[in-house]
Amino acid sequence: MLIDFRISRTGIEEVLKSQPVRELIDMKAAEVAANARALVPAGTEVKVESYTTDRAAAAVLIKDVRAMAWQAKRGTLTRAAAAAGLEVKAWQR
């Protein structure tokens, strides 16, 4: 049996911007932030910022001038994301 299947870009965009997807993204970002807090010195601010582009998204930020060094030397955010079950890949242009 042959079924006609067409991807609806507007439908996909609607799903990716929906409240249930936003909640899942925010929940996973909060998990990454909690993991990151365990890897940085006590009192270091770790923040989650939610935003929307063509989809719901969130960023986990370590608000400390040493954060880039911690990421470069120890992979702090990479480890925090991996502990939350996320796969981290190098950004490519």
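Residues numbered from 1 in each chain as written. Predicted model: local features only at pLDDT ≥ 70, side-chain atom pairs only at ≥ 80, totals over all residues. Heavy atoms only, no water.

A short note on the overall build of the protein chain
What the protein chain contains, in helices and strands, is 4 helices and 2 strands. Counting from the amino terminus, helix and strand elements in the protein chain follow one another as α-α-β-β-α-α. Projected onto the principal axes, the alpha-carbon positions of the protein chain cover approximately 60 × 25 × 25 Å. In the protein chain, buried positions account for 20% of the 93 residues. In the protein chain, the share of contacts with a sequence separation of at least 24, taken over all contacts with a separation of at least 6, comes to 50%. For the protein chain, the accessible area works out to roughly 7400 Å², and carbon and sulfur atoms hold 57% of it. Charge centroids of the protein chain, computed over 15 positive and 11 negative side chains, lie 8 Å from each other. (Helix = DSSP H or I, 4+ residues; strand = E, 2+ residues; numbered from the N terminus. Buried < 20%, exposed > 50% of the residue type's maximum accessible area, 1.4 Å probe, protein only. Contact = heavy atoms within 4.5 Å. Areas by Shrake-Rupley, 256 points an atom, 1.4 Å probe, with all protein chains shown as cover. Lys, Arg positive; Asp, Glu negative; His and termini not counted. Charge placed at Lys NZ, Arg CZ, Asp CG, Glu CD.)

What to know about the nonpolar core
Ranked by internal contacts, the top residues of the largest apolar core, which has 13 residues, are Val32, Val40, Val46, Val60, Ile62 and Trp70. Of all the elements in the fold, those that place two or more residues in this core are helix 2 (19-37), strand 2 (56-62), helix 3 (67-74) and helix 4 (76-83). The element best represented in this core is helix 2, accounting for 4 residues. Dropping the residues within four chain positions of it, Val32 is found in contact with Val60, Ala80, Ala81, Ala84 and Leu86. (Core = buried A, V, L, I, M, F, W, Y, C linked by side-chain atoms within 4.5 Å.)

Details of the pairing of strand 1 (residues 46-52)
One face of the sheet, then the other: side chains in a regular strand alternate in exactly this way. Note: strand 1 against strand 2, 7 bridges, orientation antiparallel. Within strand 2, the residue paired with Val46 across the bridge is Ile62. (Pairing = 2+ DSSP bridges.)

Things to note about the environment of Gln71
Looking at where Gln71 falls in the secondary structure, it is placed in helix 3. What makes Gln71 partly exposed here is its relative accessible area of 30%. If near-sequence neighbours (up to four positions away) are discounted, Gln71 is found in contact with Thr76, Leu77 and Thr78. A distance of 3.2 Å separates a polar side-chain atom of Gln71 from the backbone nitrogen of Thr76. (Polar contact = N/O pair within 3.5 Å; in protein donor to acceptor, adjacent residues only side chain to side chain.)

Structural notes on helix 4
For helix 4, the set of buried residues is Thr76, Ala80 and Ala81. Along the long axis of helix 4, the arc covered by the buried residues comes to 125°, so they all point the same way. Gly85, located one to two residues past helix 4, shows a positive phi value of around 85°. (Arc of directions from axis to C-beta.)

Thoughts on the side chain of Arg22
Mapped onto the fold, Arg22 is located in helix 2. Residue classification places Arg22 among the buried positions, given a relative accessible area of 11%. Among the polar contacts listed, one links the side chain of Arg22 to the side chain of Thr52, at a separation of 2.7 Å. With residues near it in sequence (within four places) discarded, Arg22 still touches Ser50, Tyr51, Thr52, Ala56 and Ala57.

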